[in-house]
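# Fold and geometry: a report
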Amino acid sequence: MGALKPWHIAVLVVVLILLFGAKRLPDAARSLGRSLRIIKAETKSLQDDDRDLAEKADAQAGYQPLPPHAGQQPYAPQQAPQQPVAPPVDPVQRVRDN
């Protein structure tokens, strides 16, 4: 039981021909083959993308900045000198004073 015998295959082929017709079966098989080829190419592409991402992550994980040269100070941005700021003046009070 459970074994596929030649007459099972023959009955299946006859049923498929009756259901779909002799002209449509080759087209259906061709489109099925194309679909399987597309799926295979897409899965291969996804695996390649995963490998590329892993390689990039490994390359970035090993990145370390260069140490400063001997005798040089680390870079420090220069700050602009701060000028004294006048206290805010109320415009209404300014008009009254004049």
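Residues numbered from 1 in each chain as written. Predicted model: local features only at pLDDT ≥ 70, side-chain atom pairs only at ≥ 80, totals over all residues. Heavy atoms only, no water.

### As for the overall build of the protein chain
Just so we agree on the cut-off: We count a stretch as a helix when DSSP gives it H or I for four or more residues in a row; a strand needs E for two or more, and each element gets its number in order from the N terminus. Per-residue accessibility takes into account occlusion by the displayed protein chains alone, with areas from the Shrake-Rupley method and a 1.4 Å probe.
A count of helices and strands for the protein chain gives three helices and zero strands. Traced from its N-terminal end to its C-terminal end, the protein chain shows the element sequence α-α-α. Surface summary for the protein chain: the accessible area is close to 10,300 Å², and the carbon and sulfur share equals 61%.

### Considering the pattern of salt bridges
Our working definition: Think of a salt bridge as a Lys or Arg side-chain nitrogen and an Asp or Glu carboxyl oxygen that are within 4 Å of each other. Burial status follows relative accessibility: with a 1.4 Å probe on protein chains alone, a residue under 20% of its type maximum counts as buried, one over 50% as exposed, and anything between as partly exposed.
Throughout the structure, instances matching the rule amount to two salt bridges. A salt bridge links Asp-27 to Arg-30, with the nearest nitrogen and oxygen atoms 2.9 Å apart. Taken together, the residues Asp-27 and Arg-30, both in helix α2 (residues 24-61) and three residues apart, mark about one turn of the helix. Assessed through its relative accessible area of 43%, Asp-27 is described here as partly exposed.

### What about the environment of Ser-35?
Selection rule: The definition of a polar contact used here is a pair of N or O atoms within 3.5 Å, where within protein one atom must be able to donate a hydrogen and the other to accept one, and adjacent residues in sequence count solely through side-chain atom pairs.
Take Ser-35: it is sitting in helix α2. In this structure Ser-35 comes out as partly exposed when scored by relative accessible area, which is 37%. Within the structure, Ser-35 has its side chain in polar contact with the backbone oxygen of Ser-31 (distance 2.9 Å).

### A word on a nonpolar patch on the surface
What counts, and what does not: Patches here: salt-bridge-free residues with over 30% relative accessible area, like charges joined within 9 Å, nonpolar side chains (Val, Leu, Ile, Met, Phe, Trp, Tyr) joined within 5 Å.
A surface patch of nonpolar side chains, about 700 Å² in accessible area, is lined by Trp-7, Val-11, Leu-12, Val-15, Leu-16, Leu-19 and Phe-20. Structurally, the position occupied by Trp-7 is in helix α1 (residues 6-20).

### With respect to α1
To keep things clear, this is the line we draw: For a helix, the expected span equals 1.5 Å multiplied by the residue count minus one.
Under the 1.5 Å per step criterion, the end-to-end length of α1 is 21 Å for 15 residues, consistent within 8% with the ideal 21 Å. One or two positions beyond α1, positive phi appears at Gly-21, with a value near 90 degrees.

### A short note on the confidence of the model for the protein chain
The cut-off we apply is this: Values of pLDDT, which run from 0 to 100, indicate the predictor's confidence residue by residue.
Of all residues in the protein chain, 70% attain a pLDDT of 70 or more, and the chain-wide mean is 78. Of all secondary-structure elements in the protein chain, the lowest mean pLDDT belongs to helix α3 (residues 91-97), at 71, while α1 reaches the highest, 88.

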